[in-house]
Amino acid sequence: VHEDLHDIGKNIFKSMAEASGFEVYDLGIDVPVSTFVEKVREVKPEIVGLSGVLTLAIDSMKDTIDGLKNAGLRDDVKVTIGGACASYDTMMVTGADAWSTNAAETVNVCLDWVRGT
Ligand code: B12
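Draft legend 1. Expanded view of the site of the ligand. As a matter of local geometry, the ligand sits amid 25 residues, with Glu3, Leu5, His6, Asp7 and Ser51 nearest to it. Residue isoleucine 8 places a main-chain N or O atom 3.4 Å away from an oxygen atom belonging to the ligand. Contacts to the ligand include threonine 55, whose side-chain N or O atom sits 2.8 Å from a nitrogen atom. Mapped onto the shell around the ligand, the elements with two or more residues apiece are helix H1 (8-19), strand E1 (47-51), strand E2 (78-82) and helix H5 (103-115). With five residues, H1 is the largest single contributor of residues to the shell around the ligand. Looking at side-chain class alone, the shell around the ligand contains nine nonpolar, 12 polar and four charged residues.

Okay, here's the thing in structure tokens:
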């Protein structure tokens, strides 16, 4: 998410999701809200993953989810946040659907989402 340059955890989650069959669009690091909104509009993904480890990434995640809401796209996607700043409280504050500090567990959550279970 914007302002956060850490990407090791994001890359691990991306690799694990791809290994489970997901097609992943990696938007990189320090990603503006507008880039998420444009890509979601273009690709129409089932799931959006947001990664951040800095405490300030919590605000960036909330901004990003608010951006999806304001663009009328929030209800079309599940959103999972991950990284060291992710927690149950962070999920509640940002308005995400799930949170993770464990990429493997969250790949299983994503599989459940796309299978509709
Ligand atoms: C490596 C590192 C760096 C590297 C990053 C390299 C890179 N390419 O990512 C470098 C040296 C560049 C760096 C820079 C900085 N860092 Co740094 N960094 C770390 C460090 C040592 C490890 C982070 C990491 O990669 N962990 C390993 C990964 C695998 O864990 P993870 O991200 O949690 O990912 C796992 C899960 O959370 C999950 N996951 C992650 N993302 C996602 C996403 C989704 C969707 C899902 C489902 C799951 C998921 O899957 C992963 C595997 O299970 C931590 C300290 C620590 N020991 O944690 C500090 C740390 C995060 N950094 C910190 C700081 C302050 C900075 C700097 C601001 C330092 C500075 N003054 O310049 C800059 C940041 C600049 C910026 N704007 O981002 C602080 C953050 C403090 C805070 N709470 O805000 C920490 C905690 C160090 C500290 N104790 O002070 N850092």
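Draft legend 2. Layout of the packing of helix H2 (residues 33-43) against helix H3 (residues 57-70). Contact pair H2 / H3: the axes reach a minimum separation of 9 Å and the direction vectors enclose 40°. If you check the angle between H2 and H3, you find them oblique. The element H2 and its partner H3 pack so that their crossing is right-handed. Where H2 abuts H3, its residues Val33, Phe36, Val37 and Val40 lie against Asp63, Thr64, Gly67 and Leu68. Split by residue class, the contact of H2 with H3 holds five nonpolar, two polar and one charged.

Each value, and the rule that gives it
Residues numbered from 1 in each chain as written. Predicted model: local features only at pLDDT ≥ 70, side-chain atom pairs only at ≥ 80, totals over all residues. Heavy atoms only, no water. Near = heavy atom within 4 Å. Polar contact = N/O pair within 3.5 Å; in protein donor to acceptor, adjacent residues only side chain to side chain. Helix = DSSP H or I, 4+ residues; strand = E, 2+ residues; numbered from the N terminus. Nonpolar A, V, L, I, M, F, W, Y, C, P; charged D, E, K, R; others polar. Axes fitted to C-alpha atoms, helices over the stretch in contact; angles between N-to-C directions. Parallel < 35°, antiparallel > 145°, perpendicular 65-115°, else oblique. Left-handed = near helix turned anticlockwise from the far one by under 90°. Contact = heavy atoms within 4.5 Å.

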